[in-house]
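# Topology and contacts: notes
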Amino acid sequence: MPITRRDFLNGVALTIATGLTPLQQLANASEYIAAMANGEDYYPPKLTGLRGSHNGSFEVAHRLGRAADSFDLSGDVEETYDLIIVGAGISGLAAAHRYLEVFGENQKILILDNHDDFGGHAKRNEFVTEKGTLLTYGGSESLQSPRSVYSAEATDFIQKIGVDLTELEAQFDVNFYPDLGLSRGIYFDQKHFGRHTIVAGDPSHNVADDVPRGRENGRPYAEFVADFPVSSSDKAALLALYEDQTDYLAEMTHEEKTAYLDHTSYHDFLRDRVKLSDQAILVFQQVPHDFMAVGIDAISCSDARACTLPGFGGMNLEPLDEEAQAAIDDLYIHHFPDGNASLARLTVRRLIPAVANGKTMHDVVNARFDYDALDRAENNVRIRLNSTVIHVEHNDEQATEVVYYRDGKAHKVKANATIMACYNMMIPFIVPSLPEAQKAAMRRNVKAPLVYTKVALRDWSCFVKAGVSNLYCPSSPYSTVKLDYPVSMGGYTHAQSPTDPVVLHMIYVPTMPSSGLPATRQAAMGRAHLLGMTFEDHETIIREQLSHMFTPYGFQQSDIVGITVNRWSHGYAYYPNSLFDDEAEFEALMAVSKAPFGNIFIANSDSEWGAYAHAAIDAAYRTVDEIKQGRA
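Under an unreviewed UniProt entry, the protein chain has the name Amine oxidase domain-containing protein and belongs to Wohlfahrtiimonas chitiniclastica SH04.

## Side note on the overall build of the protein chain
Scanning the protein chain from terminus to terminus reveals 27 helices and 17 strands. Expressed along its principal axes, the backbone C-alpha trace of the protein chain runs to roughly 75 × 60 × 45 Å. Intrachain contacts of the protein chain at a sequence separation of at least 6 include 72% that bridge at least 24 residues. When the accessible surface of the protein chain is totalled, it reaches about 24100 Å², and 49% of it is carbon and sulfur. Counting 53 positive and 83 negative side-chain charges, the protein chain places the averaged centre of each group 4 Å from the other.

## Describing the state of the cysteines
Each disulfide consists of a covalent bond between the sulfur atoms of two cysteine residues. For the coordinates displayed, the defined rule picks out zero disulfides. As a non-bridged cysteine, Cys307 has Cys301 as the owner of its nearest cysteine sulfur, 12 Å distant. The class for Cys307 is buried, based on a relative accessible area of 5%.

## A look at the sheet that holds strand E15 (residues 502-508)
Taken together, the eight strands give an open sheet; going across it, the order is E1-E16-E12-E15-E14-E13-E6-E7, and neighbouring strands pair in mixed fashion. What marks the edges here is a single partner per strand, and that holds for strand E1 (49-52) and strand E7 (197-202). Taking the axes of each pair of neighbouring strands and ignoring which way they run, one obtains an average angle of 25° across the sheet. In this structure, strand E13 (residues 468-472) lies alongside strand E14 (residues 478-483), joined through three bridges in antiparallel fashion. Within E14, the position partnered with Asn470 by the bridge is Lys482.

## Some thoughts on the side chain of His505
On the secondary structure map, His505 appears in strand E15. Note on His505: relative accessible area 0%, which makes it buried. When neighbours within four sequence positions are excluded, His505 is seen to be in contact with Tyr137, Glu141, Tyr452, Thr453, Lys454, Thr480, Val481 and Lys482.

## Re the environment of Cys462
Tracing the backbone through its elements, the reader meets Cys462 in helix H22 (residues 461-466). Cys462 sits 94 residues away from Gln556 along the chain, and the two C-alpha atoms are 9.3 Å apart. When sequence neighbours within four positions are dropped, the list of residues in contact with Cys462 reads Phe550, Tyr553 and Phe555.

## Details of helix H21 (residues 436-443)
Every buried residue of H21 is listed here: Gln438, Lys439, Ala441 and Met442. Along the axis of H21, the buried positions cluster into a sector of 160°, meaning they face one direction only. When the buried face of H21 is taken as reference, the exposed residues oriented beyond 90 degrees from it are Glu436 and Ala437.

## What about the nonpolar core?
Judged by nonpolar contacts, the single largest core of 83 residues is most densely connected at Ile111, Val163 and Ile419. Tallying contributions element by element places helix H27 (residues 613-631) first for this core, with eight residues. Counting only domains with at least three residues in this core, you end up with domain 1 (71-118 + 374-443 + 578-627) and domain 2 (198-329). Counting 45 residues, the second-largest nonpolar core is a separate cluster that includes Phe193, Ile296, Met590 and Trp609.

So, how was this worked out
Residues numbered from 1 in each chain as written. Predicted model: local features only at pLDDT ≥ 70, side-chain atom pairs only at ≥ 80, totals over all residues. Heavy atoms only, no water. Helix = DSSP H or I, 4+ residues; strand = E, 2+ residues; numbered from the N terminus. Contact = heavy atoms within 4.5 Å. Areas by Shrake-Rupley, 256 points an atom, 1.4 Å probe, with all protein chains shown as cover. Lys, Arg positive; Asp, Glu negative; His and termini not counted. Charge placed at Lys NZ, Arg CZ, Asp CG, Glu CD. Disulfide = S-S within 2.5 Å. Buried < 20%, exposed > 50% of the residue type's maximum accessible area, 1.4 Å probe, protein only. Pairing = 2+ DSSP bridges. Axes fitted to C-alpha atoms, helices over the stretch in contact; angles between N-to-C directions. Arc of directions from axis to C-beta. Core = buried A, V, L, I, M, F, W, Y, C linked by side-chain atoms within 4.5 Å. Domains from an automatic or database assignment.

What follows is the structure in structure tokens.
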């Protein structure tokens, strides 16, 4: 499928700062990008620029939300299948795999997706450099605590597609950055803290940490905090907080403490109980962005504790629940070079063997996928990209009819059953005959917007000179800037020295701090802001922030060889937030929202109200079980 000239220029543009004309950009582009521009090769992972929820992937859905009656749904059925799946993310792909296992390999399945690539949030990004291709992830990152919290179903699935956890762990060099003497650090910006400065040597152990305890290269808290660009009184207060021995709720009973922690924001706790100044509180504002896609004003103290934020060590509290504790204790190292995109690729290769050679989790890393093989008539499973589903309903024959929009027109297909493995918030618009109570429940799952930006550097010596591999930025647009995970497997080799090319992972979450708004409202406003930003807007911010951070350590704009902005306007699935939600009410909402409706079934991680790959897999298995039970 041809890529337009507009898409091509958006994809390879490298900013005003490069000084390159479009023709020069074309000359410097990889042969794959140039081929795509001419319609000779379709391979989305090579595209840079604005990706994720890319232009062309959401406009039809937005039109459906505004004016559903503007689509003509009256066409004849063009194709018939045993199963249609809406969404080619991990859940949709896992559902197809499980369906064939339960009902037989001869079943005919059509998977429809609105994006130009499969995988949902599990997208693969590639950069071509003078020293070879860099692989990285554009969304779903790693397997979270698979040995501790994965269900039997999720474990079954990853094993069947070829994932060996022991081998995967061995590919992650946990000592790579520590052996270079690098640590985590904090970057303080001039606008909020008076000067641009990096403070290295953070001694803390974080949630979802990939650095073994004792290898953090951290300094004592007294030394670490002493270098913060804040007042002496703030340093003293922060040091006391970090040392975490004070009971800030000493006058409360255990029950009163629990209620306070569940219903008080971490921001208010720092202000009212710890008595931090506004500037000292700002040090923690964006810590939850990576894990929860909100700031400390929109998470409870209970959630802050699960994020390893300080202040609770002296309170004699009950242990965290098993899953929260596992996220702290288990090393976050179950990672492919392209993140969970490899889960999607492994599954697609099993569903459609002609798409790529190989059989193992190792050889899938460098396997070149033939996208032309995804949607061939001879396939039992067909994946049809760039196809936005706009209507699903039962017909008189107790089958389901699905209408999707592609190439400027509507197409109708039919199946015995349909699995909605797509964004839950859209399902009420796509399936208008759903019960009103179920629609209302689905609409409560307002996903948080976030951006995973990838910056390919020709050289990362500036990180070594600064003494850091991972930086938290409390008041900058991008709250996290870190070197990519040191994983080498399947013939792919991570950077071995600071003079080798590497990928930076940067996280931006558009929130409304100090607004007093609930998380869902902040998400809606942040999404509108994000969709209004161009690639050039992002690039300007990225280059400016990196310049402020690393110019003192030798960074130059010419070190950047590529930028991919993975924009997820609907990113993390919502989970019940005790600041704003009633837990018992949400348990009921969850059950209602994912209930089958005739031969229409609800999957995806949204339906499990979780943002993890294993939640998506659990949903896939559940829906196939529901289909099986309905046919018993």
